[in-house]
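# Architecture at a glance
What follows is the residue order along each chain.
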Amino acid sequence: MAVDVIMPQMGESIAEGTIVKWLKGVGENVDRDEPLFEISTDKVDAEIPSPSAGVLLEILVPEGKTVEINTVVGRIGQAGEARGATAPKPSAAPAPSAAPVTPAPRPVPATPVAAPATPTPAPTQPAPQPAPQSAPAYVRSSPVVQKIAAEHGVDVSLVEGTGEGGRVTKKDIMTYIESASSSTPPVTQPAAPAPAPKAPAPAKPAVFASGQEEVREPMSIMRKKIAEHMVMSKHTSPHVYTIFEVDMNEVVKRRDAMKREFEAEGVKLTFLPFFIEACIRGIKEFPIINSAVDGETIIYKKTVNVGIAVALENGLIVPVIKHADQMNLLGLAKTAADLGERARSKRLMPDDVQGGTFTITNVGVFGGTFGLPIINQPQAAIMGIGTITKRPVVIDDAIAIRPIVYLSLSYDHRIIDGADAARFLTVVKRELEKPAGA
Amino acid sequence: MGSAAHSTSCRAIDLGLVDYDTAFALQKAHVERLQRDEGDDVLIYVEHPHVLTVGRNATGRAIVADRASIEARGARVVATDRGGDVTYHGPGQLVGYPIIRLEAGRRDLRRYVRDLEQVLIDTLADFDVEAVRHPVHRGVWVRDKKIASLGIRISRWVTSHGFALNVFTDLSYFNLMNPCGIEGCRMTSLELECAASIPMAAVRERATVHFGQVFAREMHEETAGVH
């Protein structure tokens, strides 16, 4: 009786793996636990031991292919055992632990096959059923994918599969959901902001064939939506920009003093929560920054929901820290870390990106001194944080070296004047520069 | 099983300057020992003479220099069995090869990568360098520059290969390639970020402490002389 070899799950967040190498060829003997194939995910290669002893009967997934976990990648049985003689369902993943799980015995298929005890090779057998080489149509996606689809109300059949046999992989569905969610913006329309926090991956250079002068590539859905929102925002709001220089010396001290305490809570304290806290103070004093325009009416929002722009591989997303004005530094740090992590691992819920009233974008992450972001409609202002850099500054007529950051505010001049913006940034600066003891 | 306070012990061994092949053989031997459940977990530190190593995921386009110009710089190219694309190792770079048994709760490839990144982020923080994870690429970054690379192999939950942290590396060697297959990837070093010279031993010492914390291992330092 043949045993299925399946793609094991090599970690909680891992949904698929690439076979980089089969260490045994078809027809070769393999011992139980002996390395059978190698897989690769990200930066890690891993060796997968054989779930059983016998002969490698067939390889169903060739080297270089990426398949989802629990996909049958090969089959092990007795020499001469008929191909395709296996149970209809793959068994539980044999985790490549020291004690691999032996696949559970399964019912013998109704179709006649060589008895497992038969030591002699069976003569060529007429196979009554079609060879199960390609996955049947109904398994075009895994339970993981189906669950994600159900959660997001997506019809899997609409998603183009790039996996083995056209299967819809987790990546496919996430890409689909991402592009779909940006194509049907929620009511609050959290338009992607800022051109400044560019995608982290260097843009793929176009490949020119010899003699070719240009290459035309259709925009992805996400790219089209970003483009649309950017134009809409610029068209809607006359943007004005004000930039302030802030000395981060005191924040650095405060952060150093609190770092351990935060670590004890399992939170890495970055500079971001300090910026958010300072902005909230500024908004409390100048609520116009936290407003929106509705026709000829100005809507002032009491609650401050701060959107944080996060760069993704093919664009960006702005998860929102809800009720940021009611959080202390620890709460802000925890929430920001959680949202950032979930944005990058594509586990944001639709609600996470809605309801923002003000946005912060870190243009310094990728080295920018400062940036002039585009307002995230229908909000009224967005603040860009540049790189914190040590610079010589004059303090009391002496030159000192201080960590300096440039904060830029892009705001809607229909409702916010330069004076308001400067007053707001003055509060932000005052909050950030206040002595660490205070 | 056992008390929660119990922690596995791990030897941190500094081998100094060792060529890539020797270190590779040593790693392999220790992996096999651990697979037989013999011996302790180890964290091997080395510095390599100039070498370009090509991982299993290499696209083949990552090395941009021709063989002659690589050799002219005293480097050679070696194929290896870790994950990841191409990278450079050389003097002034702290290379760490943790050969450890991942216990039940840690048997997650991504978690292992994240944990190693954390060791390096914490180590760099001790030198006041704020390092982060990149939203897309693995490794450890300071702003838009890469300071440490990872390449890992796991066989039957025993780890090998590991990390390479630029302490005072001659970064011009990275110009021979697109590090880790990332085009336009710029590198940095601890020395550059601190604008001060940092002794290798100090970095090693901090890395050992953080490795012990992140992986819940009781670290024992050995200066040299295994095998």
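Residues numbered from 1 in each chain as written. Chains lettered and ligands numbered in written order. Predicted model: local features only at pLDDT ≥ 70, side-chain atom pairs only at ≥ 80, totals over all residues.

## Some remarks on the sheet that holds strand 4 (residues 76-79) of chain B
Residue and element names in this part refer to chain B. Overall, mixed pairing links the three strands, which are arranged 4-3-5 in an open sheet. Strands with a single pairing partner mark the edges of an open sheet, and in this sheet they are strand 4 and strand 5 (86-89). In this sheet, adjacent strand axes meet at a mean angle of 25° when their direction is disregarded. Inspection of the sheet shows strand 3 (residues 51-54) paired to strand 4 by four bridges, in the parallel sense. From the neighbouring strand, T53 faces strand 4, where its bridge partner is V78. (Pairing = 2+ DSSP bridges. Helix = DSSP H or I, 4+ residues; strand = E, 2+ residues; numbered from the N terminus. Axes fitted to C-alpha atoms, helices over the stretch in contact; angles between N-to-C directions.)

## Re the nonpolar core
Side chains of nonpolar character tend, in soluble globular proteins, to be buried together. Core analysis: the biggest nonpolar cluster contains 70 residues, and B:I44, B:Y45, B:L120 and B:L165 have the highest contact counts within it. Broken down by element, this core gets its largest block of residues, eight residues, from helix 3 (residues 109-125) of chain B. The contacts of B:Y45, once residues within four sequence positions are left out, are B:A12, B:I13, B:D14, B:L15, B:L94, B:V95, B:G96 and B:R204. Listed in part, the 55 residues of the second largest apolar core include A:L269, A:F274, A:V363 and A:F424. (Core = buried A, V, L, I, M, F, W, Y, C linked by C-beta atoms within 7 Å. Buried ≥ 20, exposed ≤ 12 C-beta atoms within 10 Å, placed from the backbone. Contact = placed C-beta atoms within 7 Å.)

## What about the packing of helix 5 (residues 272-285) of chain A against helix 7 (residues 418-433) of chain A?
All names here are of chain A. Packing of helix 5 against helix 7 brings their axes to within 8 Å, and their N-to-C directions diverge by 135°. In terms of their interaxial angle, helix 5 and helix 7 are classed as oblique. For helix 5 against helix 7, the interelement crossing comes out right-handed. Contacts from F274, E277, A278, C279, R281, G282 and E285 of helix 5 reach helix 7 at F424, V427, V428, E431 and L432. Broken down by class, the residue content of the contact of helix 5 with helix 7 amounts to seven nonpolar, one polar and four charged. (Parallel < 35°, antiparallel > 145°, perpendicular 65-115°, else oblique. Left-handed = near helix turned anticlockwise from the far one by under 90°. Nonpolar A, V, L, I, M, F, W, Y, C, P; charged D, E, K, R; others polar.)

## Comments concerning helix 1 (residues 20-35) of chain B
Residues and elements named next belong to chain B. With 16 residues, helix 1 ought to run about 22 Å at 1.5 Å a step, and its terminal C-alpha atoms sit 22 Å apart, in line with that. When helix 1 is considered as a whole, its buried residues turn out to be A23, L26, Q27, H30, V31 and L34. For helix 1, the angular spread of buried residues about the axis comes to 140°, placing them on one side. In helix 1, the exposed positions that point more than 90 degrees away from the buried face belong to D21, T22, A25 and A29. Elements in contact with the buried residues of helix 1: strand 2 (41-47), strand 6 (93-99), strand 9 (145-155) and strand 10 (158-166). Count one or two residues on from helix 1 and you reach D37, which has phi positive near 65°. (Expected span 1.5 Å × (residues − 1). Arc of directions from axis to C-beta.)

## Looking at the pairing of strand 5 (residues 44-49) of chain A
Burial within strand 5 of chain A is extensive, with six of its six residues counted as buried. Going residue by residue along strand 5 of chain A, you find A:V44, A:A46 and A:I48 tucked away on one face and A:D45, A:E47 and A:P49 tucked away on the opposite face as well. Where strand 4 (residues 35-41) of chain A meets strand 5 of chain A, six bridges bridge the pair, whose relative direction is antiparallel. Residue pairing in the sheet places A:S40 in a bridge with A:D45 of strand 5 of chain A. Pairing of strand 5 of chain A with strand 9 of chain B involves four bridges; the strand directions are parallel. Opposite A:V44, over in strand 9 of chain B, you have B:I152 as the bridge partner.

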